[in-house]
Amino acid sequence: MSEQPNESNDPADGPRARSYSPEVAEFVERFAAELTEAGMQRMASRVFACLLTEDSGILGSAELSERLRISPAAVSGAIRYLSQVHLVTREREPGSRRERYRVHADVWHEAFTDRDALLGRWGATFDQGLKAVGPDTPAGRRIAETAEFFDFMRRELATMLDRWHAHREAARGGDPTARGGDAPAS
């Protein structure tokens, strides 16, 4: 199905996003529902899925509001959350005070790299908790097993992310910009 650009005579609106096709709209809502089921905030899920389907990966607040039929306040709250968890970045539109929001091609790699750092911080907290409750108590054994699990996950995650990076580079024939946009972060 063909998608037509939105019409705007106001140059302050910046580049306009294409309208959704019904198939894209259905995907956005389905993926958003899956993200919500996994624990992400509902509006953040919808905004993220919407950005993911935009060819440029970039939309402004008005475009997100229009596409998703939500208020600018809902967009703002969703972007705040998505920025905090490093799934989107904020940028200024050139020559404007308006912000636009970008999802990068390597968003999942970056998000999981951030989780690796989080797991490292949790390790120190688990150590403190283990000392507080004592290692020979039932709570201490649960905390020790939790710490061991997350330490294992952190080591495996680092290895998996390295393998993903190598896989992606091989699939692109060594060209980091092939298939969709952003060069990977090193």
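Calculation notes
- Residues numbered from 1 in each chain as written.
- Predicted model: local features only at pLDDT ≥ 70, side-chain atom pairs only at ≥ 80, totals over all residues.
- Heavy atoms only, no water.
- Axes fitted to C-alpha atoms, helices over the stretch in contact; angles between N-to-C directions.
- Helix = DSSP H or I, 4+ residues; strand = E, 2+ residues; numbered from the N terminus.
- Parallel < 35°, antiparallel > 145°, perpendicular 65-115°, else oblique.
- Contact = heavy atoms within 4.5 Å.
- Nonpolar A, V, L, I, M, F, W, Y, C, P; charged D, E, K, R; others polar.
- Pairing = 2+ DSSP bridges.
- Polar contact = N/O pair within 3.5 Å; in protein donor to acceptor, adjacent residues only side chain to side chain.
- pLDDT = per-residue confidence, 0-100.
- Core = buried A, V, L, I, M, F, W, Y, C linked by side-chain atoms within 4.5 Å.
- Buried < 20%, exposed > 50% of the residue type's maximum accessible area, 1.4 Å probe, protein only.
- Expected span 1.5 Å × (residues − 1).
- Arc of directions from axis to C-beta.

The next subject is the packing of helix α2 (residues 42-53) against helix α3 (residues 61-68). Running from amino to carboxyl end, α2 crosses α3 at an angle of 105 degrees, the nearest separation of the two axes being 11 Å. Relative to α3, the element α2 lies roughly perpendicular. Seen from α2, the contacting residues are Arg46, Val47, Cys50, Leu51 and Thr53; seen from α3, they are Leu64, Arg67 and Leu68. In terms of residue class, the contact of α2 with α3 is built from five nonpolar, one polar and two charged.

Attention now moves to the pairing of strand β2 (residues 89-92). Here four bridges tie β2 to strand β3 (residues 99-102), and the two strands are oriented antiparallel to one another. Paired with Glu91 across the bridge in β3 is Arg100. Turn length for the β2-β3 hairpin, with the two strands adjacent in sequence and antiparallel, is six residues, and the turn residue Gly95 shows positive phi of about 75 degrees.

Here Arg67 lies in helix α3. A polar atom in the side chain of Arg67 sits 2.7 Å from the side chain of Glu54.

Of all residues in the protein chain, 84% attain a pLDDT of 70 or more, and the chain-wide mean is 84. In the model, residues 1-17 has pLDDT below 50 throughout and makes 29 contacts with residues more than four positions away in sequence or in other chains. Here residues 179-186 scores under 50 on pLDDT; set against residues more than four positions off or in separate chains, the count is 20 contacts.

This next bit is on the pairing of β3. Taken together, the three bridges between strand β1 (residues 58-60) and β3 define a ladder with antiparallel strand orientation. Looking at the pairing, Leu59 lines up with Tyr101 of β3.

The subject of this paragraph is the nonpolar core. Core analysis: the biggest nonpolar cluster contains 27 residues, and Val47, Phe48, Leu51, Leu64, Leu82 and Leu87 have the highest contact counts within it. At the level of secondary structure, the elements contributing two or more residues to this core comprise α1 (22-37), α2, α3, α4 (72-84) and α5 (107-133). In terms of residue count, α2 provides more of this core than any other element does, six residues in total.

On to α1. Across its 16 residues, α1 extends 22 Å between first and last C-alpha, which sits within 8% of the 22 Å expected from 1.5 Å per residue. Listing the buried residues of α1 in full gives Val28, Ala32 and Leu35. An end-on view of α1 places all buried positions within 60 degrees of arc, on one side of the element. Opposite the buried face of α1, by more than 90 degrees, sit the exposed residues Glu23, Glu26, Arg30 and Glu37. Those residues of α1 that are buried are in contact with α2 and α3.

Before going further, it helps to examine the sheet that holds β2. In a beta sheet, neighbouring strands pair by backbone hydrogen bonds and run either parallel or antiparallel. Read across the sheet, three strands follow the order β1-β3-β2 without closing on themselves; strand pairing throughout is antiparallel. Each edge of the open sheet carries a strand with a single partner, namely β1 and β2. Between one strand axis and the next, the sheet turns by 35 degrees as a mean value, whatever way the strands run. Along the sheet face, α3 touches β1 and β3 and points at about 90 degrees away from the line of β1.

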